[in-house]
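Report on the structure
Okay, here's what each chain looks like letter by letter:
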Amino acid sequence: MSDTLAPAIVSRPVQKGDHVFLVDGSSYIFRAYHALPPLTRKSDGLPVGAVAGFCNMLWRLLKEANEAGVKPTHLAVIFDHSATTFRNALYDKYKAQRPEPPEDLRPQFALIRQAVGAFNVPSIEMEGFEADDLIATYTKQAVAAGADVTIVASDKDLMQLIEPGVIMLDTMKGKTIGRDEVIEKFGVPPEKVVDVQALAGDSVDNIPGVPGIGVKTAAQLIETYGDLETLLARAEEIKQPKRREALIAHAEMARISMQLVTLDRDVPLDEPIDRLGVRPIIGEQLISFLKAMEFTTLTGRVAAATGVESGGVEADGALTARAREAGRAATAASLFGSQATPQQQPGFEDIGGLTPSGLAAARASAIKAIPFSHSGYETIRTEERLWAWIARATELGVVAIDTETTSLDPMQAELVGISLAVAPNEACYIPLAHRGEGDGLFTEGLLPDQLDIRVAIALLKPMLEDRAVLKVAQNLKYDWLMLARHGIDTAPFDDTMLISYVLDAGRGVHAMDPLSERWLGHKPISFDDVTGKGKARVTFDRVPIERASEYAAEDADVTLRLWQVLKPRLAAEGMSTVYETLERPMIPVLASMERRGISIDRAILSRLSGEFAQKAGALEAEIQEIAGQPFNVGSPKQLGDILFGVMGMPGGSKTATGAWATGASILEDLAEQGYELPQKILDWRQLSKLRSTYTDALPGYVHPETKRVHTSYALAATTTGRLSSSEPNLQNIPVRTEAGRKIRAAFIADPGHKLVSADYSQIELRLLAEIADIPQLKHAFAEGIDIHALTASEMFGVPVEGMPSEVRRRAKAINFGIIYGISAFGLANQLSIAREEAGAYIKRYFERFPGIRDYMEETKRICRDLGYVTTLFGRRCHYPEIASKNASIRAFNERAAINARLQGTAADIIRRAMVRVEPALEEAGLNARMLLQVHDELIFEVPEAEIEPTLALVTRVMENAPTPAVSLSVPLNVDARAADNWDEAH
DNA sequence: CCTATATCGTA
DNA sequence: GTACGATATAGGA
């Protein structure tokens with residue numbers, strides 16, 4: 001808040017005909033908080049719902065009431081100052097059972113007081129008095145001066161103030177409360193309200209009243225006897241014995257209650273009423289505050305009404321997400337072990353004290369201070385000892401777990417042992433299937449003194465499935481799947497890798513060893529040291545039990561400590577919801593998909609392999625013939641020398657390492673110039689690629705038992721929230737070319753089933769329209785208009801009807817470019833045009849869609865300020881190099897950040913759909929099984945008889961995936977179809 | 001044997 | 001121009 005903008009307070013005596021508005025700030029905060037949906041500031045998740053409700057109310061009061069002819073001459077917002085008032089001296093239990101305000105409301109109190117200042121409205125509070133007493137006193141003085149009073153509130157305790165010239169206005173219900181409404185509520189006119197309240201009491205405020213008497217009876221009694229004192233004096237006359245005795249017995253309580261509910265109209269005011277005169281709104285000051293809160297709609301309204309250009313106003317620097325982040329960054333910096341000193345941010349929680357972030361930091365350093373010791377590690381050899389550990393874990397309610405196996409592939413792996421940790425340095429290892437060190441020929445049998453794997457599983461299962469015991473693991477999906485193969489449905493659980501990913505995506509890797517070094521300052525025993533590496537590597541079942549025990553117990557120990565450090569950061573940094581809704585529930589969903597796998601037709605692939613090999617062989621011969629010498633066509637180095645050296649073709653450029661570049665676009669350019677060799681190289685490359693990466697490789701991934709292909713999805717591999725798929729990567733199965741689609745057709749459904757593919761159409765462009773708020777684009781999507789044609793016609797003035805395909809193609813490339821954070825260089829490459837021309841396209845595009853330029857600039861600024869961008873669902877993508885001094889690194893990070901909001905939001909949406917679809921299928925009694933995810937597409941295997949209802953259900957779940965967390969103004973559109981293979985279904 | 005590079009498959 | 005992973009080649013160990 002800039003002091004220079006606040007004008008001197010002008011005194012304006014209240015006189016006849018004036019209209020004094022008194023806003024009950026404190027109760028309004030609670031009502032706004034409870035009545036309105038939760039709202040958080042986009043860029044940092046600060047809860048601001050009550051602030052928003054308050055600002056909108058105040059704005060309407062000042063503007064719309066004004067337009068309706070009700071013109072405040074004096075206005076103040078009045079707050080409670082502290083919990084203790086003179087009423088506590090009268091009655092120690094007064095308001096004693098008020099609960100603490102909710103966690104996400106607390107930071108909003110200070111913000112609302114700042115909001116009032118930003119509106120240039122006085123905010124009043126006084127030690128020892130409730131807002132109601134101040135309102136009562138101001139009301140009395142205003143009435144005495146002949147002015148009208150509007151009390152903006154709905155609290156029934158204020159109704160006693162209503163009299164001719166004084167009304168209440170409930171802005172949330174949009175109604176006024178006068179004498180008639182009071183009579184309706186209390187059965188008595190305003191001047192008798194306190195008498196009724198004194199008798200009836202109030203459980204909310206802990207006003208005792210008289211037991212057995214409610215509002216109805218009280219009103220009746222006051223109606224009959226006139227007032228409380230008369231009633232108490234003549235209580236003997238009452239006929240009903242119970243009522244009479246209660247009144248006599250509790251007469252004193254009634255009198256105290258009367259004092260409690262009667263508002264003090266003679267508070268010695270610090271701020272005289274004359275000084276509440278309405279002051280003009282200062283557009284810049286208010287906009288600066290609203291911008292810091294990121295209330296775009298209201299900012300726009302205020303800008304329009306005050307004639308201030310909002311673009312020219314800076315967000316209030318002390319209140320922005322950045323300022324708040326600086327406080328957090330200091331905490332995070334200390335968590336990361338840097339020397340930074342935490343700084344206090346005025347107006348926000350004390351970060352060094354008993355706050356979530358303060359506690360998280362304190363927890364982190366406490367954990368880090370505990371040295372590692374292996375002396376408390378135990379190797380479990382008997383049921384009794386295993387039982388003791390299970391009992392301990394169950395008693396504590398949290399246990400870290402790690403499975404040791406024979407393979408990194410959880411579908412192929414055999415369980416070798418399990419480790420548990422219950423506290424730092426308290427961990428155990430349960431060897432189950434260790435074998436001797438030999439070559440396997442003469443040492444086939446299991447080593448002695450190991451628990452039977454079935455016995456151990458049977459003992460562990462109840463604890464692993466116990467709702468009261470939290471299982472913590474690093475990369476739990478692996479262990480979950482391993483245990484699922486042994487019939488265990490592990491739950492509930494936490495995953496330290498995913499917690500780290502939610503907190504620090506883009507800030508380093510999330511594997512255990514680096515996390516341990518970063519957070520615990522400890523380098524764990526490396527896997528390579530235990531198993532050997534290269535040719536000498538042995539499977540884990542060949543590792544001697546003592547050595548394995550040390551390693552495995554330490555891993556569980558490290559995992560537990562990481563959880564202790566990282567879990568508190570989720571709440572402290574406002575990321576719990578992202579973790580709980582977008583990450584953690586994905587574990588069983590993906591593990592189940594991986595376990596199911598998908599069928600491929602090996603005969604098709606093998607035939608294609610032969611076909612591709614033959615054609616590539618023929619091309620290779622032709623290529624070497626034309627080149628005039630044999631060479632390795634697959635070697636870009638040799639190829640470059642042939643094309644640009646030996647044959648002297650033009651347009652050669654160099655790669656980063658100084659070699660000739662021979663990428664597809666360069667070869668295509670050469671082919672267009674009439675050279676025949678480059679096209680043959682391109683054809684050869686396509687065939688070689690398809691053969692080596694797909695037709696030859698895929699059959700090798702068929703599982704010997706399931707006869708299906710089981711990919712592995714990584715949840716924490718990308719910066720944006722997308723999944724990745726590997727071994728094999730089933731997210732890059734060809735589709736673009738004819739030859740490629742033949743490979744896709746080899747992915748088939750089981751007999752009696754079909755494959756269903758459901759994909760979001762143009763989801764990222766739709767999200768661009770939504771997030772950047774571009775009217776033309778939103779309209780186009782709402783109306784189902786061809787978005788690329790629309791872009792083309794906006795840019796080039798060509799009518800959509802009969803548009804040449806080349807024009808649309810260019811517009812399409814531009815649209816994709818926008819999603820990727822466009823550069824003239826990139827667009828020029830894509831369209832094979834000059835950079836100047838590409839630059840002109842971009843310029844024209846921004847002229848037609850200025851909102852997109854604003855969106856991009858805003859994204860860059862936010863990312864530069866905070867170091868990350870946020871998706872619509874709150875996921876953070878960090879770009880620590882966004883402020884690099886190196887212009888190309890900086891530009892790259894800016895483009896990535898622009899893309900991340902869109903790609904990341906799309907990733908969030910499909911994750912939500914994935915988490916919901918299987919329960920929805922189950923509820924509908926359908927037997928479809930989700931098999932694959934390809935970023936904007938889900939593939940299911942569906943019994944033939946259930947195709948139609950499954951298509952409908954999947955489409956509905958996917959299209960509604962954003963709700964209720966986010967409701968988009970742009971429709972999502974899902975295309976779904978069924979077929980015998982993936983090519984036809986897609 | 002391991003790693004970097006170039007290329008290319010997908011959204 | 002974004003986000004990935006797999007492959008082959010090439011070069012240093």
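Cut-offs used in this document
Residues numbered from 1 in each chain as written. Chains lettered and ligands numbered in written order. Predicted model: local features only at pLDDT ≥ 70, side-chain atom pairs only at ≥ 80, totals over all residues. Heavy atoms only, no water. UniProt positions renumbered as here; feature names shortened; annotations may be inferred. Near = heavy atom within 4 Å. Polar contact = N/O pair within 3.5 Å; in protein donor to acceptor, adjacent residues only side chain to side chain. Helix = DSSP H or I, 4+ residues; strand = E, 2+ residues; numbered from the N terminus. Nonpolar A, V, L, I, M, F, W, Y, C, P; charged D, E, K, R; others polar. Buried < 20%, exposed > 50% of the residue type's maximum accessible area, 1.4 Å probe, protein only. Pairing = 2+ DSSP bridges. Contact = heavy atoms within 4.5 Å. Axes fitted to C-alpha atoms, helices over the stretch in contact; angles between N-to-C directions. Parallel < 35°, antiparallel > 145°, perpendicular 65-115°, else oblique. Salt bridge = Lys/Arg side-chain N within 4 Å of Asp/Glu carboxyl O. Expected span 1.5 Å × (residues − 1).

Going by what an unreviewed UniProt entry lists, chain A is known as DNA polymerase I and is assigned to Kaistia defluvii. We quote the UniProt Catalytic activity (unreviewed entry) comment for chain A here in full: "DNA(n) + a 2'-deoxyribonucleoside 5'-triphosphate = DNA(n+1) + diphosphate". In its Sequence similarities (unreviewed entry) section, UniProt records this for chain A: "Belongs to the DNA polymerase type-A family."

All right, on to the protein's contact with DNA strand C then. Taken together, 32 residues are adjacent to DNA strand C, and S635, E727, A813, G817 and F825 come closest. At 3.1 Å from a phosphate oxygen of DNA strand C is found a side-chain nitrogen or oxygen belonging to N632. Here a phosphate oxygen of DNA strand C sits 3.2 Å away from a polar atom, N or O, in the main chain of T719. Elements that contribute at least two residues to the surface near DNA strand C include exactly α26 (636–646), α28 (677–695), β15 (724–726), α33 (805–819), α34 (824–831) and α37 (887–923). For the surface near DNA strand C, a count of residues per class yields 9 nonpolar, 18 polar and 5 charged.

Next up on the list: the pairing of strand β10 (residues 426–431). Every regular strand shows the same layout, with side chains that alternate between the two sheet faces. Counting buried positions over the 6 residues of β10 gives 5, a clear majority of the element. The pairing of strand β7 (residues 377–379) with β10 spans 3 bridges and is classified as parallel. Paired with T379 across the bridge in β10 is Y429. The hairpin formed by strand β9 (residues 415–423) and β10 contains 2 residues between the paired strands, and N425 there has a positive phi angle of roughly 70°.

To continue, consider the sheet that holds strand β4 (residues 148–152). With mixed pairing, the 6 strands of this open sheet are ordered in space as β3-β2-β1-β4-β5-β6. Each having just a single partner strand, β3 (123–124) and β6 (175–177) make up the two edges of the open sheet. Against the sheet, helix α1 (residues 25–35) contacts β1 (19–24), β2 (74–78) and β5 (166–170), and its axis sits at roughly 55° relative to β1. Contacting β1, β2, β3, β4 and β5, helix α5 (residues 131–144) runs over the sheet at an angle of about 175° to β1.

The environment of DNA strand B is made up of 26 residues, and the closest members are T655, T657, T662, V735 and R736. Restricting attention to atoms of DNA strand B within 4 Å of the protein, one finds that 82% of them are sugar or phosphate atoms. In the environment of DNA strand B, a phosphate oxygen lies 2.7 Å from a nitrogen or oxygen atom belonging to the side chain of T657. V735 is positioned with one of its backbone polar atoms (N or O) 2.6 Å from a phosphate oxygen of DNA strand B. Per-element accounting of the surface near DNA strand B gives the leading share, 4 residues, to α28. For the surface near DNA strand B, the residue count by class is 10 nonpolar, 10 polar and 6 charged.

Each packed pair of helices is defined by two parameters, the angle between the axes and the distance between the axes. Relative orientation of the contacting elements α33 and helix α35 (residues 835–848) amounts to 75°, with a least axis distance of 11 Å. Classified by the angle their axes make, α33 and α35 are roughly perpendicular. Contacts between α33 and α35 pair R810, I814, N815 and I818 from the former with E837, Y841, Y845 and F846 from the latter. Among the residues making up the contact of α33 with α35, the classes are represented as 5 nonpolar, 1 polar and 2 charged.

The next point concerns the pattern of salt bridges. Within this structure, the stated rule accounts for 54 salt bridges. When the shortest N-O distance is used, the salt bridge between R87 and E130 registers 3.3 Å. Residue R87 is located in helix α3 (residues 86–90), and its partner E130 is located in the loop between β3 and α5; the two are separated by 43 residues in the primary sequence. The shortest N-O distance in the salt bridge between D504 and R569 comes to 3.1 Å. Here D504, found in helix α19 (residues 496–504), pairs with R569, found in helix α22 (residues 545–572); they are 65 residues apart in sequence, far enough to count as distant. For R569, a relative accessible area of 0% gives the class buried. In this structure, a network of salt bridges that share partners links the residues D504, R507, R569 and E573.

What follows deals with unusual backbone geometry. The phi angle of most residues is negative, glycine excepted, and most peptide bonds adopt the trans form. Here the amide bond leading from E727 into P728 is cis, since omega sits at -5°, within 30 degrees of zero. Inspection of the secondary structure puts P728 in the loop between β15 and α29 (738–744). Cis geometry marks the peptide bond from T963 to P964; its omega dihedral reads 0°. With respect to the helices, strands and loops of the structure, P964 is situated in the loop between α38 (947–959) and β22 (974–979).

Turning to α28, a few remarks are in order. Between its terminal C-alpha atoms α28 stretches 26 Å, which fits the 27 Å expected from 19 residues at 1.5 Å a residue. Burial in α28 covers these residues: L677, P678, K680, I681, L682, W684, L687, S688, L690, Y694 and T695. For α28, the secondary structure elements touched by its buried residues are α25 (602–627), α26, α27 (664–672) and α29.

With that settled, consider the side chain of D157. Relative to the helices and strands, D157 is located in the loop between β4 and β5. Exposure remark for D157: the relative accessible area of 11% places this residue in the buried category. Of note is the side chain of D157, whose polar atom sits 3.0 Å from the side chain of Q197. Those residues within four positions of D157 in sequence are excluded, and the remaining contacts are D132, Q197, D205 and L263.

Time to look at the sheet that holds strand β21 (residues 937–943). The strands that make up a sheet are held in pairs by hydrogen bonds between backbone atoms, and each pair lies either parallel or antiparallel. The strand order across the open sheet built from 4 strands is β20-β21-β17-β22, with neighbouring strands paired in antiparallel fashion. If you trace the sheet from one side to the other, it starts and ends with β20 (929–933) and β22, each paired once. Neighbouring strand axes in the sheet, compared pairwise and without regard to direction, differ in orientation by 25° on average. When strand β17 (residues 753–760) meets β22, the two strands line up antiparallel, connected through 6 bridges. Looking at β22, one finds that A758 is bridged to A976.

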